[in-house]
Amino acid sequence: MTTVELDEHPVAVPPAHPGHWHVTWHGVRTVAALELRQRVRSTRWVVALVAWFVVVGGLTLLISGALSAVDDGADRQRGALLFAAVTFLVLGLGLLVTPTLASTSINGDRAAGTLATLQVTLLTPAEIALGKVLAAWTASCAFLLASVPFLGFAAAVGPTPWWSVLRVVVLVAVLLAAVCGMGLGFSALVARPAGSTVLTFVTVAALVLGTPLLFGVTYPSVEQTESVQVRVQRTDDVTGNPTTCELTTQQRSVAHTERTWWLLALNPFVVMADGAGTSSSLDQAEARNDPLGVLREGVRLARTGASATIDECWGVDGGRVEPTADAPIWPWGLGVNLLLGAAGFVVAVRRLSLPQGKLARGTRVA
Amino acid sequence: MTTQDAAAEAAGSGTTTDDGIVVRGVTRAFGAVQALAGVDLEARPGAVTALVGPNGSGKTTLLLVLAGLLTPDGGEVSVAGHDPVTAGPAARARTGWMPDAFGTWDSLTAREVLTTFADAYRLDRAPSRRRIDELLATVHLTEYADRPASVLSRGQKQRLGLARALVHDPQVLLLDEPASGLDPRSRVDLRQLLRRLADEGRTVLVSSHVLTELEEMSDDAVFLSRGRTVVPDTSHGVTSPGDGRRTFHVRALSLPALTAWLDAAGAAWRPDEPWTAPTTGPGGVLVEVNGDEGAAALIRDAVAGGVPLVSAAPAAGALERAYLTLEEERR
Ligand SMILES: Nc1ncnc2c1ncn2[C@@H]1O[C@H](COP(=O)(O)OP(=O)(O)O)[C@@H](O)[C@H]1O
Ligand SMILES: [Mg+2]
């Protein structure tokens with residue numbers, strides 16, 4: 001037995017304000033560094049990153065090739081389409097990968113027997129949760145970073161302004177952070193890692209697929225026949241040319257989508273399309289070829305719903321009033337997504353707080 | 001080896017509350033399972049206290065409560081002068097807890113694991129580096145310091161877990177089955193390390209079912225059964241080395257011949273394996289003798305009396321005897 005002097009050493013000092021929500025950068029960094037080291041060193045991670053790069057790159061080139069074959073017209077039109085495709089590809093793959101990064105970080109550690117040893121240290125629950133979210137988010141941002149070259153390429157082809165690339169990257173990063181928060185919450189709530197991963201995927205699927213589906217399903221119920229104001233044009237009796245516009249009241253079937261537009265707004269892809277801001281620098285012909293712009297206009301119109309007057313005064317020069325739907329939608333969608341992520345984080349902190357009263361069914365502390 | 005009297009403990013000495021562990025009437029249920037049903041315990045600084053009990057008796061649960069991981073349903077707990085429930089961080093800063101199964105981060109090296117925990121305890125970097133080197137040497141993992149923890153064997157991981165529990169120089173050590181998975185050499189090391197830690201004035205509470213090990217290293221023992229501290233039936237069997245009475249395990253080729261002779265000689269005996277049916281062939285009994293001289297006299301008389309003696313040796317440790325006299329079965 002080697003005799004080693006064990007005295008004269010640092011003494012652990014509990015923090016001055018040891019609340020559950022107390023956060024220091026030191027504590028968050030300690031947890032995040034631990035998680036990232038554990039993750040990054042596995043070869044699986046490198047393989048995943050390389051696979052991602054190849055898949056996104058390959059699909060970008062494929063789409064670009066296909067577009068130029070179909071329509072060898074204006075590069076500027078092709079560019080908008082390509083940029084939209086790459087943006088949705090990156091967001092879609094990011095939403096597929098991120099749930100697996102965060103959704104096992106608490107119950108996985110519990111199963112491995114490493115969680116409790118971390119909890120008994122002087123790290124606060126908020127530091128542990130924040131460190132874990134930060135690590136998962138950093139990992140998903142690495143995937144995002146690997147796709148920036150292709151976003152840049154798509155923007156370089158066409159009329160997309162460079163700051164749209166920046167907006168897309170920032171928006172995707174924030175959306176992925178929200179997904180990390182949801183995954184963390186589920187990993188704190190559910191005992192089995194497989195269960196929390198499935199729940200996170202279900203939540204993401206509900207946001208991505210469920211919201212447009214629900215919008216479609218509820219569409220008939222918001223559609224009704226009622227008297228609305230319609231701007232019609234009067235034609236000259238002799239020439240048959242349109243002369244003036246006139247406001248009339250008619251019975252029309254209208255959809256009150258202003259009651260359900262928020263369903264679409266929750267969708268991450270809508271948040272992307274609305275937030276990317278691609279169309280603002282395009283002329284009308286280009287804008288029609290920009291899927292992001294079209295989606296954005298569509299959702300903004302849905303928000304206006306049947307509240308505005310219907311304008312059918314096409315023939316009169318300067319008579320038709322373009323529907324004005326300038327209020328951005330993405331802050332709402334992004335806000336709700338972030339709220340969901342924050343809720344997951346709060347759940348995680350509460351579940352990590354010591355000492356524990358109730359335990360999740362079928363779990364032991366150690 | 002002295003068995004603590006729970007009632008006397010409950011009366012409380014008061015002097016140990018600052019650095020030791022005091023538990024009074026602690027209860028904790030998991031749904032319908034009453035894991036702790038009233039535990040009274042006092043572990044004093046400078047001593048190794050053994051926590052003995054069959055599987056499912058609540059040892060791990062009690063250590064979780066002491067480590068500040070579980071809220072007790074009722075009762076009072078004080079660890080190093082702090083209540084783990086109301087003053088969690090203060091208590092945890094002074095407590096080193098080692099779970100029975102120490103999981104580890106596979107990709108991290110042993111040194112990184114310890115560094116992470118030093119950071120997690122908010123220790124200063126420079127002195128904690130030195131301390132980590134010392135600890136790695138103490139648990140004989142220096143040569144594995146920079147290899148990933150995934151290559152460590154179970155016993156090596158267990159030793160890393162012990163080093164982890166010591167990183168922040170805790171006043172109170174809570175070890176859950178620390179000897180399981182350790183080779184004999186490591187067990188001796190563990191025993192010596194715990195002895196030294198106790199001699200430095202720390203409070204050491206060890207749960208284990210390797211009773212011979214516990215017996216050699218512990219100063220006090222607390223028995224848990226069905227979530228209660230129990231005082232073992234010491235009317236026979238459990239004796240302190242000091243009082244001269246010793247239990248000998250005597251074996252003979254013919255158990256009936258042995259017991260008949262003992263009955264004739266008026267010596268009190270009991271079966272060595274009360275849970276098995278008595279045999280007519282070879283077998284053994286436990287006999288109370290008066291020190292080594294009593295044992296010598298017994299052997300001499302038995303041989304002279306024609307009993308086919310095979311062996312006579314001091315019986316298994318007092319702890320094990322006490323453990324076996326616990327009324328309750330394992331669950
Ligand atoms: N998280 C839990 N949920 C339900 N029952 C538990 C839990 N932890 C422990 N128990 C039960 O409490 C009792 C005591 O367990 P434990 O403290 O682990 O015993 P020991 O460590 O002495 O073997 C056992 O019956 C066990 O099944
Ligand atoms: Mg146990």
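Cut-offs used in this document
Residues numbered from 1 in each chain as written. Chains lettered and ligands numbered in written order. Predicted model: local features only at pLDDT ≥ 70, side-chain atom pairs only at ≥ 80, totals over all residues. Heavy atoms only, no water. UniProt positions renumbered as here; feature names shortened; annotations may be inferred. Near = heavy atom within 4 Å. Polar contact = N/O pair within 3.5 Å; in protein donor to acceptor, adjacent residues only side chain to side chain. Areas by Shrake-Rupley, 256 points an atom, 1.4 Å probe, with all protein chains shown as cover. Helix = DSSP H or I, 4+ residues; strand = E, 2+ residues; numbered from the N terminus. Buried < 20%, exposed > 50% of the residue type's maximum accessible area, 1.4 Å probe, protein only. Pairing = 2+ DSSP bridges. Axes fitted to C-alpha atoms, helices over the stretch in contact; angles between N-to-C directions. Parallel < 35°, antiparallel > 145°, perpendicular 65-115°, else oblique. Contact = heavy atoms within 4.5 Å. Nonpolar A, V, L, I, M, F, W, Y, C, P; charged D, E, K, R; others polar. Buried area = accessible area lost by both parts, 1.4 Å probe. Salt bridge = Lys/Arg side-chain N within 4 Å of Asp/Glu carboxyl O. Phe/Tyr/Trp six-rings, centres within 6.5 Å; stacked < 30°, edge-to-face > 60°. Lys NZ or Arg CZ within 6 Å of the ring centre and 35° of its normal.

Labelled according to an unreviewed UniProt entry, chain B appears under the name ABC transporter ATP-binding protein, originating from Cellulomonas alba. Of the comments in the UniProt record for chain B, the one headed Sequence similarities (unreviewed entry) reads "Belongs to the ABC transporter superfamily."

Naming follows an unreviewed UniProt entry, where chain A appears as ABC transporter permease of Cellulomonas alba.

Asks: Looking at this structure, I do not really get the site of ligand 1. What am I missing?
Replies: Surveying the vicinity of ligand 1 reveals 14 residues, the closest of which are Thr363 and Arg364 of chain A together with Gly56, Thr60 and Thr61 of chain B. Two or more chains meet at ligand 1, and those chains are chains A and B. Taking glycine 56 of chain B, its main chain carries an N or O atom lying 2.7 Å from an oxygen atom of ligand 1. With respect to ligand 1, the backbone of lysine 59 of chain B contributes an N or O atom lying 2.8 Å from an oxygen atom. Coverage of ligand 1 by the protein chains reaches 76% of its 560 Å² of free accessible surface. Broken down by secondary-structure element, the contributors of at least two residues to the shell around ligand 1 are strand 3 (33–43) and helix 2 (59–66) of chain B.

Asks: In this structure, what is going on with the pairing of strand 9 (residues 220–225) of chain B? I would like to understand it.
Replies: Each regular strand carries side chains that alternate between the two faces of the sheet. Residues and elements named next belong to chain B. With 6 of 6 residues buried, strand 9 is to be regarded as a mostly interior element. Along strand 9, one buried face is formed by Asp220, Val222 and Leu224 and the opposite face, lined by Ala221, Phe223 and Ser225, is buried too. Across 3 bridges, strand 9 lies against strand 10 (residues 228–230) in antiparallel orientation. Within strand 10, the position partnered with serine 225 by the bridge is arginine 228. Connecting the antiparallel pair strand 9 and strand 10 is a turn made up of 2 residues, with arginine 226 showing a positive phi of about 50 degrees.

Asks: Would you take a moment to explain the packing of helix 6 (residues 154–166) of chain B against helix 7 (residues 184–199) of chain B for this structure?
Replies: For any two helices packed against each other, one specifies the inter-axial angle together with the distance between the axes. All names here are of chain B. Where helix 6 meets helix 7, the axes come as close as 12 Å, and the angle between the chain directions of the two elements is 10 degrees. As the angle between them shows, helix 6 and helix 7 are arranged roughly parallel. For the pair helix 6 and helix 7, the contacting residues are Arg159, Leu162 and Leu166 in the first and Ser186, Leu190, Leu193 and Leu197 in the second. Its residues assigned to classes, the contact of helix 6 with helix 7 shows 5 nonpolar, 1 polar and 1 charged.

Asks: Looking at this structure, I do not really get the UniProt feature "transmembrane region" (unreviewed entry) in chain A. What am I missing?
Replies: Residue and element names in this part refer to chain A. The UniProt record annotates "transmembrane region" (unreviewed entry) at residues 45–67, 79–102, 134–156, 168–191, 198–219 and 329–349. With 100% helix and 0% strand, the stretch residues 45–67 has end C-alpha atoms that lie 33 Å from each other. Its end C-alpha atoms 35 Å apart, residues 168–191 is made of 92% helix and 0% strand.

Asks: Whenever I open this one, the interface of chain A and chain B confuses me. Can you help?
Replies: Accessible area lost upon the coming together of the parts serves often as the stated size of an interface. Opposite the 43 residues of chain A that make contact, chain B presents 54 residues. Taken together, both faces of the contact between chain A and chain B bury some 4300 Å²; the carbon and sulfur share is 62%. The tally of links from chain A across to chain B stands at 1 salt bridge. Between arginine 122 of chain B and glutamate 127 of chain A there is a salt bridge whose closest N-O contact spans 2.7 Å. Linking chain A to chain B there are 13 residue pairs in polar contact (both at pLDDT 80 or more). Looking at the side of chain A that touches chain B, the elements with two or more residues in it are helix 1 (25–40), helix 4 (107–112) and helix 5 (115–119) of chain A.

Asks: Where do I start with the packing of aromatic side chains in this structure?
Replies: Any pair of aromatic rings gets described here by the distance separating the centres and the angle formed by the planes. Summed over all chains, the structure comprises 7 aromatic pairs over all chains. With centroids separated by 5.5 Å and ring planes inclined at 75 degrees, the aromatic side chains of tryptophan 45 of chain A and phenylalanine 143 of chain A adopt a geometry described as edge-to-face. With tryptophan 45 of chain A in helix 2 (residues 43–70) and phenylalanine 143 of chain A in helix 6 (residues 125–157), the pair connects residues that are 98 residues apart, well separated along the chain. Accessibility classification places tryptophan 45 of chain A together with phenylalanine 143 of chain A in one group, the buried group. Arranged with centres 5.0 Å apart and planes meeting at 85 degrees, the rings of phenylalanine 88 of chain A and phenylalanine 269 of chain A form a pair that is edge-to-face. Placement of the pair is phenylalanine 88 of chain A in helix 3 (residues 75–102) and phenylalanine 269 of chain A in helix 10 (residues 268–276), with a sequence separation of 181 residues. Exposure remark for phenylalanine 269 of chain A: the relative accessible area of 16% places this residue in the buried category. An aromatic cluster of three or more residues is present, and its members are Trp45, Trp52 and Phe143 of chain A. Lying over the aromatic face of tryptophan 261 of chain A, arginine 303 of chain A brings its terminal NZ or CZ to 4.6 Å of the ring centre. Just above the ring of phenylalanine 117 of chain B sits the side chain of arginine 164 of chain B; from NZ or CZ to the centre is 4.8 Å.

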